[in-house]
Amino acid sequence: MSERTLPLVFINLGGEMLYILDQRLHALNTSDDNSEKVMNDIVGTMFGKDFMDELLKPQQLYSHRTMKTVLTRLAHASIMRLNPASMDRLYELMVMAFKYQVLLCPRPKDLLLITYNHIDTIREFVKDTPVVGNKVDETHRKIIEIYSSLPEGEFQLLRQTLLIFFQDMHIRVSLFLKNQLQNPNGRFALSTSGPVPYGMDVPGLIRTFDRKGREVRRSEFPTGGSYTSPIRKGCFELHGDRVIRLGMNMYTVNHPEETHTSKAHSVKVITDDTPNLLAKEELNLLARLMGSMKADDMPKTETGFQINLFTTDQEEEEEPLFGVINIQAMQDEQAATQLAQIAGQFAEGEEQPENLSSSKGDDLLAMMDDL
Amino acid sequence: ISMYHKEKSIQVKNSASALYNNLGVLRIAPRHLTYFTVVHANVVNMVSASWDGLNYSHRQLQSKEPNVATSTSLIMQAAFCPLPSRDLLVVTSQKGIQMYESDGSIMVYWHALDTPETPTAQAVFARGISAVRESYICVGVSSGAILVFDVPIKGSNITLSEVLKEHKESITDIAPECSGQPGMECIADLVSADDGGNLCVWKSGEDFQLLNNIPGFDMSCSSVKLWKGTVVAGYGTGQIHLYEAVTGILHAEINAHARWIYSLDIAPFSGLLLSAAEDSLVRVWHLTMTPETNSVEVAHLHNECVTDTQICGAKFCDGDGYAFAVTGYDLSEIIRYTQS
């Protein structure tokens, strides 16, 4: 489907990641120096020219496994080290937040406003480091240049591609549940009231015309909702009022418990990773993205600090970074069915490529093992 | 008393993807069965449901991959093509067009799309499926082209008969004249719609003839129908427009939905119209033609709200509109409604 999803996926998922990291770093009383260094290093790598250029090439959206691998590497571009359980929680939060934003996006084109909300906040995080701030601006300009002129139909295709990527994910996030954005069954709440998207008419009117184009009748029908006129248009430029609030930072320093994902009754799935099940194309993308995060941008590990992002109820498991499918105890049939579907979906989704006998394939596999 | 009431849903093996017109329905009267299709990523879920509600059988069709080293080919649409001699199931994806016998048991034809070696910014896919007249199946492509396939009475000797190049933007939906009135001569046989909202009206034949081009207004027409010479078009703006097909005269304009429309359907014997959108609502309307004045009237009859769901498919299950079925993004069921 759409070949233009990757830049938006990384900026938005990466943005959510930074929101959560920022909140947790503050909640854990990390020194200002360390916090700033972590943010600058991650943002600098994420918005680095080589990495962005790779993302901007037309290509398919690959699996969660690939996305998580690259985002983990991005997080580790800083002096911070996340344990595997933290990275899993982080990815769940990021993805559910972005899923919510894409689903609720009023018009497909407003995906850009959501992206710009993330960029605006990221710019704030690194405002004291002009070198990194410039990279953010540069990327923002490129995004404006490439995406601004796309027609709505193309944005809807992009959105539909993203929705397939998020399909069947219903992990409950305590912040969403608390604000009633999400139901206890993990599905997001959709309203049938409020302002219609910019450029649309409030439903309820039928107009009939004669053959000369003159309106001859006007009648109203009950809409089953209570809709109002659209609010003003958001700004699609480098700076400005985006109007839409989706994509803004939901996490505050004062509510550390909000970054919890709900464990009981939910299905936790860590993607199974056996490198030779990735399609060759996907491995190639992974290699290119990893390669584009320059080695000298990576800090020395001796100066790093280990961070446990989230307090968990159960003991930390000593798992490899990408473990096997880990299934929580479930209590109702619906969750069991859902699990079967999700497990089935991941199993069916695995590619069975021909043996990667070429040396290039072996190098890629070796690289995966090193992670 | 509400016009329709909810029946028992049909469970599907996977959830529906957010794609336009994501529900196929084929009524097999002699066997008291109805087939349903719902697309999930690279899979088509087929359910065969007996009318007595006692028997359900499931089948899954995969998109055809040219080779295993490439990533999955996502399916854009699956639709039934009922022809006088046979019914086929057509599945369109990023890589090409698959045609099956209507029960999904055998693939009878595969047409590969021209995909570039390295991906270009313009996505490549097929979308928009319609049977036309006695023996044609038309399929739209992302370039705007419409492929016309000639289908023999039986067997797999399906051939590409013509390529219609009129649309400049990706095809979204194609629909045949469905008045269902034997002996009624309809001038137009087919309508096609694209991402710019442009509508083309065609006469089928050995060479398809363009009868009219109704310009859009830079807004995607996601679903289109043709009934008794009237085009009914649903747009991303939530509006429905009714046009006289051959002249392009606008009969009516409805501010129908608060979000992007994903599916329209018409029950040809009663003139009932079904519309469904991302705003969680399915609406039932009634169209009345007045031949003397060549005018069309629209009346709103009924609403159904599928809570917290962005609807992606809605179709009548029979020609009178006695029952209809609905699919929604992330839902693993086909929701059904019947007249009270």
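Residues numbered from 1 in each chain as written. Chains lettered and ligands numbered in written order. Predicted model: local features only at pLDDT ≥ 70, side-chain atom pairs only at ≥ 80, totals over all residues. Heavy atoms only, no water.

A. Main features of the overall build of chain B. When helices and strands are counted, chain B shows 0 helices and 29 strands. Compactness check: chain B gives a C-alpha radius of gyration of 19 Å against a globular reference of 20 Å for 340 residues, within 12% of the reference. Along the first, second and third principal axes, the C-alpha atoms of chain B reach 55 × 45 × 40 Å. In chain B, 50% of the contacts between residues at least 6 apart in sequence involve partners at least 24 apart. Charged side chains in chain B number 21 positive and 35 negative. The centres of these two groups are separated by 7 Å. (Helix = DSSP H or I, 4+ residues; strand = E, 2+ residues; numbered from the N terminus. Rg over C-alpha atoms; globule rule 2.2 N^0.38 Å. Contact = heavy atoms within 4.5 Å. Lys, Arg positive; Asp, Glu negative; His and termini not counted. Charge placed at Lys NZ, Arg CZ, Asp CG, Glu CD.)

B. Expanded view of the interface of chain B and chain A. If you look at the interface, chain B gives 69 residues, while chain A gives 62 residues. Taking both partners together, chain B and chain A bury about 5200 Å²; carbon and sulfur atoms supply 50% of that area. The largest contributions to the chain B side of the interface with chain A come from Asn255, Asp308 and Tyr329 of chain B, which together make up 12% of the buried area. Taken together, chain B and chain A are joined by 5 salt bridges. Our count for the chain B to chain A interface comes out at 28 residue pairs in polar contact (both at pLDDT 80 or more). Breaking the side of chain B that touches chain A down by element, the ones donating at least two residues are β21 (239-244), β22 (250-255), β25 (281-290) and β26 (295-305) of chain B. A per-class count over the side of chain B that touches chain A returns 30 nonpolar, 27 polar and 12 charged. Where strand β3 (residues 205-209) of chain A meets β22 of chain B, 4 bridges bridge the pair, whose relative direction is antiparallel. (Buried area = accessible area lost by both parts, 1.4 Å probe. Salt bridge = Lys/Arg side-chain N within 4 Å of Asp/Glu carboxyl O. Polar contact = N/O pair within 3.5 Å; in protein donor to acceptor, adjacent residues only side chain to side chain. Nonpolar A, V, L, I, M, F, W, Y, C, P; charged D, E, K, R; others polar. Pairing = 2+ DSSP bridges.)

C. View of the nonpolar core. Ranked by size, the top nonpolar core spans 117 residues in total, and within it Phe10 and Leu162 of chain A together with Phe36, Leu199, Val224 and Val231 of chain B carry the most contacts. Among all residues touching Phe36 of chain B, those that are not within four sequence positions of it are Ile10, Leu23, Gly24, Val25, Asn45, Met46, Val47, Ala49, Cys317, Ala325, Ile334 and Arg336 of chain B. In terms of nonpolar packing, the next biggest core, distinct from the first, is built from 23 residues, Ile28, Met76, Leu89 and Phe125 of chain B among them. (Core = buried A, V, L, I, M, F, W, Y, C linked by side-chain atoms within 4.5 Å. Buried < 20%, exposed > 50% of the residue type's maximum accessible area, 1.4 Å probe, protein only.)

D. Highlighting the pattern of salt bridges. This model, assessed by the stated rule, comprises 26 salt bridges over all chains. Note that Arg217 of chain A is salt-bridged to Glu297 of chain B, the shortest N-O span being 3.3 Å. Placement of the pair is Arg217 of chain A in strand β4 (residues 215-220) and Glu297 of chain B in strand β26, with the two residues belonging to separate chains. Since its relative accessible area comes to 28%, Glu297 of chain B is described here as partly exposed. The salt bridge involving Asp195 of chain B is made with Arg127 of chain B; its shortest N-O contact spans 3.7 Å. Taken together, the positions of Asp195 of chain B in the loop between β16 (190-194) and β17 (199-203) and Arg127 of chain B in strand β11 (residues 126-132) put the pair 68 residues apart, joining distant regions of the chain. Given a relative accessible area of 10%, Asp195 of chain B falls into the buried group. The exposure class assigned to Arg127 of chain B is buried, which follows from its relative accessible area of 4%.

E. Here's a closer look at the sheet that holds strand β5 (residues 43-50) of chain B. Residues and elements named next belong to chain B. As summarised here, the arrangement of the 4 strands in space is β3-β4-β5-β6, forming an open sheet in which the pairing is antiparallel. Edge strands, defined here as strands with exactly one partner in the open sheet, are β3 (24-28) and β6 (56-62). Ignoring which end each strand starts from, the neighbouring axes of this sheet average 20° apart. By the bridge criterion, 5 bridges tie β3 to strand β4 (residues 33-40) in an arrangement that is antiparallel. Within β4, the position partnered with Gly24 by the bridge is Thr37. (Axes fitted to C-alpha atoms, helices over the stretch in contact; angles between N-to-C directions.)

F. Looking closely at the state of the cysteines. Within this structure, the stated rule accounts for 0 disulfides over all chains. Free cysteine: Cys81 of chain B, not disulfide-bonded; nearest cysteine sulfur from Cys138 of chain B at 8.9 Å. (Disulfide = S-S within 2.5 Å.)

G. Examining helix α2 (residues 32-46) of chain A more closely. Taking 1.5 Å as the rise per residue, α2 of chain A with 15 residues should run 21 Å; its terminal C-alpha atoms sit 21 Å apart, in good agreement. For α2 of chain A, the set of buried residues is Ser35, Val38, Met39, Asn40, Asp41, Ile42, Val43, Gly44, Thr45 and Met46 of chain A. (Expected span 1.5 Å × (residues − 1).)

H. The arrangement of the environment of Ile171 of chain A in detail. For Ile171 of chain A, the location among the structural elements is in the loop between α8 (152-165) and α9 (174-178). Distance from Ile171 of chain A to Asp50 of chain A, taken between C-alpha atoms, is 33 Å for residues 121 residues apart in sequence.

I. Representation of the packing of helix α3 (residues 49-56) of chain A against helix α7 (residues 130-147) of chain A. Residues and elements named next belong to chain A. Packing of α3 against α7 leaves a shortest axis separation of 11 Å and a crossing angle of 15°. With respect to their mutual orientation, α3 and α7 come out roughly parallel. Seen along the crossing, α3 lies across α7 with a hand that is right-handed. Note on element contacts: α7 touches α3 through Thr139, Lys142, Ile143 and Ile146, opposite Lys49, Met52, Asp53 and Leu56. (Parallel < 35°, antiparallel > 145°, perpendicular 65-115°, else oblique. Left-handed = near helix turned anticlockwise from the far one by under 90°.)

J. Up close: the side chain of Ser170 of chain B. Looking at where Ser170 of chain B falls in the secondary structure, it is placed in the loop between β14 (159-165) and β15 (171-176). Ignoring any residue separated from it by four or fewer positions in sequence, one finds Ser170 of chain B in contact with Gln122, Phe125, Arg127, Val141, Ser142, Gly144, Ala193, Asp194 and Asp195 of chain B.

K. Spatial organisation of unusual backbone geometry. Residues and elements named next belong to chain B. In the Ramachandran plot, Arg133 falls in the positive-phi region, its phi being about 50° despite a non-glycine side chain. Tracing the chain through its elements places Arg133 in the loop between β11 and β12 (136-141). A positive phi angle, close to 60°, is found at Asp218, a residue other than glycine. You can see Asp218 is positioned in the loop between β18 (209-214) and β19 (221-227).

L. Just the environment of Asp128 of chain A, in detail. All names here are of chain A. Position of Asp128 relative to the elements: it lies in the loop between α6 (111-125) and α7. A residue is classified by how much of its surface remains accessible, and Asp128, at 57% relative accessible area, is exposed. Remark: the alpha-carbon pair of Asp128 and Asn40, spanning 88 residues in sequence, is separated by 9.3 Å.

M. Region of the structure containing the side chain of Gln94 of chain B. Note that Gln94 of chain B resides in the loop between β8 (87-93) and β9 (96-101). If sequence neighbours within four positions are ignored, Gln94 of chain B has contacts with Met1 and Gln60 of chain A together with Thr72, Ser73, Leu74, Leu113, Thr115, Val124 and Phe125 of chain B.

Treat this as a map of the structure, not an account of what it does.
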